[in-house]
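The lines below spell out each chain.
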Amino acid sequence: MKVDTVIIGAGMSGLAAGIRLSMYNKKVLIVEKHTITGGLNSYYARGKRKFDVGLHALTNFVNPDDRGKPFNKLMKQLRIPLADFKLTPQNYSLIQFPDQKLKFTNDIDFLISEISEKFPSQIDGFMNLLNHIKNFNETDLSNETVMAKDVVRNFISDKSLVEMIFCPLLIYGSAWENDMDFSQFVIMFKSIFLEGFGRPEGGVRTIIDLLLKRLGEVGGEIRFKAEVTRLITKDGKISAVEINGGEIIECDNVLSSIGLPETMKVLDAEPSYTPRPGALSFTESILITDKKPRDLGVDATIVFYNNRPEYLYQKPQTLFDKESAVVCFPNNFKYDHFQDDYEEGVLRVTNIANYDLWNQELLVSKENYKAKKELVFEQSKSILRACGLKDGYTVAFKDIFTPTTIKRYTGHFGGTVYGSIDKTRNGTTPVAGLYICGTDQGFLGIVGSMLSGISMANLHVLQGSSS
Amino acid sequence: MLSNEEVRAKVLDIIADIALDDDVSSIKDEVALRDQLDLDSMDFLDIVMELKKRHKIEVPQEDYTKLASMKSCVEYLAPKFNA
Ligand SMILES: Cc1cc2nc3c(=O)[nH]c(=O)nc-3n(C[C@H](O)[C@H](O)[C@H](O)COP(=O)(O)OP(=O)(O)OC[C@H]3O[C@@H](n4cnc5c(N)ncnc54)[C@H](O)[C@@H]3O)c2cc1C
């Protein structure tokens, strides 16, 4: 078999890239080792209940009549009408530290007034930072790497305000511990604080279904249970991929969304460099409850909970970090008349976790691993209480995933969600014709990974062939 | 032999599909497309790709600037449509 481009991985970035290339008559094959699409952002069912993996919220919220925003541009490139997502905005989110809380909504003026009330001495600095961010071209692929905290400290002198601003941006989009590249900071700042959170009706399924439908319309093909086991090169250029240790598919280009170290691992040639896997992984407890959070005293959509003066975004020396969490209440988006599409309460508590320690537990025994998952669940109930959730609910169902779950389903080394700490911003690798898209190109999250798939397909395949 | 009017109509069809949210019926031929419509460099790539897909017309990268306005599009593309 011979195609123009093999795309490795049917996650958000691979699907978006596949649509772009198929739209322009490139023969594309997406190969996916799993049996379903979505990658880090997928879904599953237990009994009659449906669960989302990934998606707490879609960043880069747009109103139906907004123009020229990043999400509009992306969907325009894929020719998917924005209205099909049926986006509902968040109610509000909360950054909760021991001595201070900051609320934000999809309207930046709300955050501005919070900061001028709670950090009056910092508001001028914050306004200047906002200006700097608005004028910064964060997606320029030639930007140099600059540490974001150094830049932000030039504008904001209050240490705890710096920590509070970074908290949501780090946990929703940094492969690095405790800091991030300034371009990535600006991407995250705009997508979260300036544009905000929303949820498509039906959750992750809606996004995936829309992408799959579009891929079908333009004739793109996906092969499931097809794991790439070798990338075959000839004279330093990609020539074919090997599937499941046997079948060979010849191709001119490969776009790989499986991560940079993971891609280098299957390369047949001696790699000229070894990208380092990231350190950050997560556990998540999903609780299905008889009562909805609103009836238990919580109307926030997302709470960024941190119980220390500073925010430690780093690999914990314990199975998971109990002192910080992202708590998502999907019932609490701003639905018309509070009519959400869940029949029960859904509470999701995500903690930073240590992959190696979880893997050790698993090696000891399955029972042992299960017992440790119970600890995560018990802790999640305390964190929910600390976020203001009243007792008096019963848990009808629960599910807990760990870093080893992420590794098993997505193949990311170390169970990382944000991939390697070595990104390849322009998508190139030492091998001609082999390009990286998605997580390790460096645009993160759901919207980021679609942007990555689209821009790498444009830059390396479409533009490459039109000139 | 396509007239300039017909070439213009074919280009307009393409732009209408790309600038989904814009009203393309009032485009001024002399004014840069970028200044009238919500188009960025990614969208100009799409115009080039659509020309190739629908009409087998190749626009090399160094000529992208020729697509700046409707007027320059027609001047540049008419000979290619009629080649
Ligand atoms: C708990 C959690 C919460 C999240 N919350 C949010 C959120 O609220 N908002 C947000 O925007 N983002 C969120 N994210 C992040 C978001 O899910 C990811 O950034 C995004 O999905 C990455 O997409 P990708 O296409 O780059 O990579 P992936 O999704 O990892 O896609 C790679 C694909 O490649 C496949 N694959 C791997 N190895 C091979 C191989 N050898 N051969 C063939 N196929 C292979 C994998 O199975 C996978 O399908 C969350 C993630 C998690 C885990």
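If you're wondering where the values come from, they're calculated on a predicted model, not measured in any experiment. (Residues numbered from 1 in each chain as written. Chains lettered and ligands numbered in written order. Predicted model: local features only at pLDDT ≥ 70, side-chain atom pairs only at ≥ 80, totals over all residues. Heavy atoms only, no water.)

### Re the overall build of chain B
So, point 1. Each helix and strand in chain B was counted, giving four helices and zero strands.
So, point 2. For chain B, the C-alpha radius of gyration of 12 Å lies close to 12 Å, the compact-globule estimate for 83 residues.
So, point 3. In terms of overall dimensions, chain B has C-alpha extents of about 30 × 25 × 20 Å along its principal axes.
So, point 4. Taking all 83 residues of chain B together, the buried fraction comes to 46%.
So, point 5. Across chain B, contacts joining residues at least 24 apart in sequence account for 49% of those joining residues at least 6 apart.
So, point 6. Accessible surface, chain B as shown: approximately 4,400 Å² in total, 50% of it carbon and sulfur.
So, point 7. Here chain B contributes 11 positively and 19 negatively charged side chains, and the mean placements of these two sets differ by 6 Å. (Helix = DSSP H or I, 4+ residues; strand = E, 2+ residues; numbered from the N terminus. Rg over C-alpha atoms; globule rule 2.2 N^0.38 Å. Buried < 20%, exposed > 50% of the residue type's maximum accessible area, 1.4 Å probe, protein only. Contact = heavy atoms within 4.5 Å. Areas by Shrake-Rupley, 256 points an atom, 1.4 Å probe, with all protein chains shown as cover. Lys, Arg positive; Asp, Glu negative; His and termini not counted. Charge placed at Lys NZ, Arg CZ, Asp CG, Glu CD.)

### Notes on the site of the ligand
All names here are of chain A.
So, point 1. Residues in contact with the ligand amount to 32 residues; listed here are only the nearest, Ser13, Glu32, Asn41, His56 and Ile446.
So, point 2. A distance of 2.8 Å is found between a nitrogen atom of the ligand and a backbone nitrogen or oxygen belonging to valine 228.
So, point 3. Contact between the ligand and histidine 412: an oxygen atom at 2.7 Å from a side-chain N or O atom of the residue.
So, point 4. Surface burial for the ligand is 96%, taken as the share of its 1,000 Å² of free accessible area covered by protein chains.
So, point 5. Elements with a minimum of two residues in the shell around the ligand: helix H1 (12–23), helix H12 (403–410) and helix H13 (445–466).
So, point 6. At three residues, the largest contribution of residues to the shell around the ligand is made by H13.
So, point 7. Split by residue class, the shell around the ligand holds 13 nonpolar, 15 polar and four charged. (Near = heavy atom within 4 Å. Polar contact = N/O pair within 3.5 Å; in protein donor to acceptor, adjacent residues only side chain to side chain. Nonpolar A, V, L, I, M, F, W, Y, C, P; charged D, E, K, R; others polar.)

### Thoughts on the domain arrangement of chain A
All names here are of chain A.
So, point 1. According to the domain assignment, chain A contains domain 1 (2–41 + 203–276 + 420–462) and domain 2 (88–201 + 278–410).
So, point 2. On a C-alpha basis, the centroid separation for the pair domain 1 and domain 2 is 28 Å.
So, point 3. The partner domain 2 presents 21 residues to the 20 residues of domain 1 that form the contact.
So, point 4. A per-residue breakdown of the area domain 1 buries against domain 2 is headed by Ile421, Arg425 and Leu444, which together make up 37% of the total.
So, point 5. Where domain 1 touches domain 2, the interface holds zero salt bridges.
So, point 6. Where domain 1 packs against domain 2, one counts six residue pairs in polar contact (both at pLDDT 80 or more).
So, point 7. Contributing elements (two or more residues each) for the side of domain 1 that touches domain 2: helix H8 (204–217) and H13.
So, point 8. Among the elements that make up the side of domain 1 that touches domain 2, the one with the highest residue count is H13 (three residues). (Domains from an automatic or database assignment. Buried area = accessible area lost by both parts, 1.4 Å probe. Salt bridge = Lys/Arg side-chain N within 4 Å of Asp/Glu carboxyl O.)

### Some remarks on the sheet that holds strand S15 (residues 324–328) of chain A
By way of backbone hydrogen bonds, the strands of a sheet pair with one another, either parallel or antiparallel.
All names here are of chain A.
So, point 1. Read from one edge of the open sheet, seven strands run S7-S6-S14-S15-S16-S13-S17, paired in mixed fashion. Bordering the open sheet on either side are strand S7 (101–104) and strand S17 (395–401), each of which pairs with just one other strand. Taken over all neighbouring pairs, the strand axes of this sheet differ in orientation by 15° on average, direction set aside.
So, point 2. Contacting strand S6 (93–96), S7, strand S13 (281–289), strand S14 (302–306), S15 and strand S16 (345–353), helix H6 (residues 159–171) crosses the sheet at an angle of about 50° to S7. (Pairing = 2+ DSSP bridges. Axes fitted to C-alpha atoms, helices over the stretch in contact; angles between N-to-C directions.)

### Points about the interface of chain A and chain B
So, point 1. Contacts between the two partners involve 18 residues from chain A and, on the opposite side, 20 residues from chain B.
So, point 2. Viewed at the interface, chain B and chain A are joined by 12 residue pairs in polar contact (both at pLDDT 80 or more).
So, point 3. At the level of elements, H1, helix H2 (70–78) and H13 of chain A are the ones that each hand at least two residues to the side of chain A that touches chain B.
So, point 4. Sort the elements by how many residues they give to the side of chain A that touches chain B and H13 of chain A lands first, with six residues.
So, point 5. Here the side of chain A that touches chain B is composed, by residue class, of four nonpolar, nine polar and five charged.

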